[in-house]
Amino acid sequence: MPPPVYSRVAIRIGFGRLPPAGAREGKDHGDTDAHCARYQETRPAGAVARADSAASSRGSRDGREVRGYGGLLAQAEGGSQVRVEDRPYAHLVDGWLEADRLLPRKQRHTIRRVHDRLLAETDYDGEYSTTMRYVHRWREANRGVPDREGYVRLEWAAGSMQVDFGVARARIAGEMADVHCLVASLPYSNMRLCVALPGENAECLCHGLMLVFEHIGGVPPVIVMDNATGAGRRNAKGEVTLTGVFSAFVAHYRLEVRFCNPYSGNEKGSVENAVGFLRRNLMVPPMHAESYGQLSRFMLERCDGLAASSYCPRLPGVPVTEVFDEEKAALMPLPSTAFDPVRWESRTADKYGLVDIDSNRYLAGPDSARSRVLAAIRWDTVTLTSPATGELLAEYPRQYGRSRNVEDPALVLPRLAVKPRAWRESSIRPDVPDDIRAWLDSMDEKTLKESLKAIGDACRAAGFDPAMQACDEILRSNRDMGLHADMLTPIALRMRDGDWEYPGEITEPDLSGYDRFITDIDPASGKENG
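Residues numbered from 1 in each chain as written. Predicted model: local features only at pLDDT ≥ 70, side-chain atom pairs only at ≥ 80, totals over all residues. Heavy atoms only, no water.

Q: Would you mind showing me how to read helix α10 (residues 320-327) here?
A: Along an α-helix, a turn takes 3.6 residues, which lines up residues three or four apart on a common side. Every buried residue of α10 is listed here: Val320, Val323, Phe324 and Glu327. Looking down the long axis of α10, one finds its buried residues gathered within 100° of arc, a one-sided arrangement. Buried-residue contacts for α10 involve β6 (160-172), β7 (175-186), β8 (191-197), α6 (202-216) and α9 (292-309). (Buried < 20%, exposed > 50% of the residue type's maximum accessible area, 1.4 Å probe, protein only. Helix = DSSP H or I, 4+ residues; strand = E, 2+ residues; numbered from the N terminus. Arc of directions from axis to C-beta. Contact = heavy atoms within 4.5 Å.)

Q: Explain the packing of helix α2 (residues 89-99) against helix α3 (residues 111-121) here, please?
A: Between two packed helices, what matters for the description is the angle formed by their axes and the separation of those axes. Two elements in contact, α2 and α3, have axes separated by 11 Å at closest approach and are oriented at 135°. Relative to α3, the element α2 lies oblique. When the axes of α2 and α3 are compared, the crossing they make is right-handed. Residues Leu92, Val93, Trp96 and Leu97 of α2 lie in contact with α3, whose contacting residues are Val114, Arg117, Leu118 and Glu121. (Axes fitted to C-alpha atoms, helices over the stretch in contact; angles between N-to-C directions. Parallel < 35°, antiparallel > 145°, perpendicular 65-115°, else oblique. Left-handed = near helix turned anticlockwise from the far one by under 90°.)

Q: How do you make sense of empty space enclosed by the protein when you look at a structure like this?
A: It is a probe the size of a water molecule, rolled over the atoms, that shows where empty space is left. Following the criterion strictly, the structure yields three cavities of 30 Å³ or more and no others. In this structure, the largest cavity occupies an estimated 80 Å³ of space. Residue lining of the largest cavity: Gly166, Val167, Ala168, Cys181, Val183, Cys194, Val275, Leu278, Arg279, Leu282, Met283 and Met299, and that is the complete set. Residue assignment for the lining of the largest cavity shows that the elements contributing at least two residues are β6, β7 and α8 (269-282). Broken down by element, the lining of the largest cavity gets its largest block of residues, four residues, from α8. In the lining of the largest cavity, the residues fall into ten nonpolar, one polar and one charged. (1 Å grid on protein atoms, 1.4 Å probe; cavity = no way out; pocket = protein on both sides within 12 Å on 5 of 7 lines; lining within 4 Å. Points joined across faces, edges and corners; volume = space filled by probe spheres on them. Nonpolar A, V, L, I, M, F, W, Y, C, P; charged D, E, K, R; others polar.)

Q: What is the right way to read the environment of Thr389 from this model?
A: Checked against the element boundaries, Thr389 lands in the loop between β18 (381-385) and β19 (392-397). Polar contacts involving the side chain of Thr389 include one to the main-chain amide nitrogen of Glu391, which spans 3.3 Å. (Polar contact = N/O pair within 3.5 Å; in protein donor to acceptor, adjacent residues only side chain to side chain.)

Q: What should I look at first to understand unusual backbone geometry in this one?
A: Glycine aside, residues mostly have negative phi, and peptide bonds are mostly found in the trans state. Omega for the bond connecting Val284 with Pro285 falls within 30 degrees of zero, at -5°, which places this linkage in the cis form. Take Pro285: it is sitting in the loop between α8 and β13 (288-289). Within the chain, Ser359 stands out as a residue other than glycine whose phi angle is a positive 70°. Since its relative accessible area comes to 27%, Ser359 is described here as partly exposed.

Q: Please explain the sheet that holds β19 as it appears in this structure.
A: Backbone hydrogen bonds are what pair the strands of a sheet, in a parallel or an antiparallel way. Ordered in space as β14-β17-β18-β19, the four strands form an open sheet in which the pairing is antiparallel. The sheet is open, and its two borders are formed by β14 (343-348) and β19, each paired with just one other strand. Each strand axis lies, on average, 20° off the axis of its neighbour in the sheet, ignoring direction. Here β18 pairs with β19 via five bridges, running antiparallel. (Pairing = 2+ DSSP bridges.)

Q: Whenever I open this one, the environment of Thr241 confuses me. Can you help?
A: Take Thr241: it is sitting in strand β11 (residues 240-242). The spatial distance from the C-alpha of Thr241 to the C-alpha of Ala231 is 8.4 Å, given a sequence separation of ten residues. Discounting residues that sit within four places of it in the chain, Thr241 has contacts with Ala231, Gly232 and Arg233.

Q: I'm lost on the pairing of strand β15 (residues 354-357) in this one. Help?
A: Every regular strand shows the same layout, with side chains that alternate between the two sheet faces. Pairing between β15 and strand β16 (residues 360-363): four bridges, direction antiparallel. The residue of β16 that forms the bridge with Val355 is Tyr362. What sits between the antiparallel neighbours β15 and β16 is a turn of two residues, in which Asp358 has the positive phi angle 55°.

Q: Help me out: how do you make sense of the confidence of the model for the protein in this one?
A: Low pLDDT means the predicted coordinates in that region are not meant to be read closely. Overall, the predicted model of the protein reaches an average pLDDT of 79, with 75% of residues at or above 70. Note that pLDDT drops below 50 for residues 3-86; the model gives that stretch 120 contacts with residues more than four away or on any other chain. (pLDDT = per-residue confidence, 0-100.)

Q: Please clarify how helix α4 (residues 128-141) should be interpreted in this entry.
A: Here α4 spans 20 Å end to end across 14 residues, near enough to the 20 Å set by a 1.5 Å rise per residue. Buried within α4 are the following residues: Thr130, Thr131, Tyr134, Val135 and Trp138. Axial view of α4: buried residues confined to an arc of 125°, hence all on one face. Residues of α4 that are buried in the fold lie against α2 and α3. (Expected span 1.5 Å × (residues − 1).)

Following this line, the structure appears as C-alpha cells:
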C-alpha cells in the first residue's frame, strides 16, 4: 500500500486571507504559483488526501480545487496566484463575540457554541480546531486595553470606604451555615471590618453597613462597591438603578455611592484583598455563635485586634489603629434618628392564608385567605398586618432559601376548633409536644373541640410556647381535669411572664374537722365524742 499523500496546495484554514504566493517564513519558493505559501497542517489520509486524489484523477494540478476546513476555499487556475474565497464567517463570528460584551459572563458564547452555530446556521463545514483558533485570536486581539497597558495606582482620600461580600462557613445556633460576610475597608488607613449576615439583599446590606458605622463612630462620605444585587441593578447601558431600601439608606446617611465597572475588582482592590485576608484570619477554624448578631460582635472585636497588630502599607511601622484614629476626623457624624431598613410589600394570601415572599410562604391565618396582606420585610423578620385595620396578623423569623412554609400554630388552632376532624392531618400537629398530642388524639370529638378552642385562646393571649407549657403542667397533675380556657389562659400568661410556680400534684383537702363538727364522731376511731 503506497504511503499517504499530503497536499501542498495553498489553503487558507480559518477566517482570514492568504499571504502572497511564494511567501513563506524563512524560504523562497520562486515564481511557481502552484507552491503554497505554507504547508497545510499534517493530517493522516483524511479529507485533504481525498481531495488530492480527486484532483489527480482530473489530471491537472493547475485546475485543482481543494476542500478544507471551510468548504471550497482556494482555487488555482492557469498558474495564477492562489485566491481565497471571501465568505462572511469572520464577520458573523465577530458580531456574535462583540455582542457578548453586553451580556453576563456566564451567558456568553463558548467556542463550542460558536462552532455549533456556524454548522447549524451557515454552510460552514470546518472543524472545531479551526473555530477554536480563530476565537482565541479574536479574544486576544480584542482584550481590554487595561490588560495590555497595565494598571494605574489609585490614591484614596481619608474616609473613603470600599464594600464587598464574601462567603464563609460558621456554626450558628449549633448548625453549620453559609455566612455572608459584609467586608468594609478604608484604604487610607487599611482598616478592615467584617459583619455576618444571612444574605446579600438590600435589607442585609443596609443592616450590615449600619453595624459598621456604629462600630467606627461615623459615616464615610464615599462608598465604593460593585454591582451588588441588594444595592442596585445595572442595565445594558451601564446605568445603575438603586433599590428602594438602599436608596432611602443613602439619603438618610447622606452618602455618595460609586459603582465599579463590571468584572473590575481591581477598582476596589483594597476590599478585594480584605475579603480573603479576613476569611483566612477570622474564619479559620469556623467561628461559633448563637446568632448572627453575636457572630458580628465577635468579628468586629477580632478585626480591632488585627488592626492593632498590623501596619499601614503607606506608613511602614505605624499600626493601622493609629492611622485610623486620624482618619476618623474625615468621617461624617451619625444621624440622630436610627434608620429602619424595611421593605413594604402588599400581597394577596392564597386560600390557606399563606403569603409568598421571596419564594417562601408565611401564614397570615385562615381568616386572611384570599385577602390583601401588608408585609414588612426586614433582614431578620417578616411582619404581616392587615392593611384595612392595621391589626398585627403574625410575625416570623425571615427564612433564607426557597420553598419553605412558615406557620404559627396559634393561627391554625382556632380554625381546628371549628373543624376538629382535621386535627389528625393538620400541618401543626407535629409542633405539639408528644404527651399533649397523644392526649388530644385520645379524646372524643366534643372534648377535642373544647380543648382545641381552649388552647387557641391561650395561644392568642400568651403565645404558643407558654400555652404548651401550661397544657403540660395541667395534664401532668390531673389528666382527667381536661383543658379549659378559664384555667389554661391564666396559667399560660403567668408562664409567659415568668412568675408561675406550679404546686405540683393536686390532693384532696382534709375535711375531717368538718365531719367531726357536724356528726360529732371522731373519723379516726369511728366513735362518738364524749
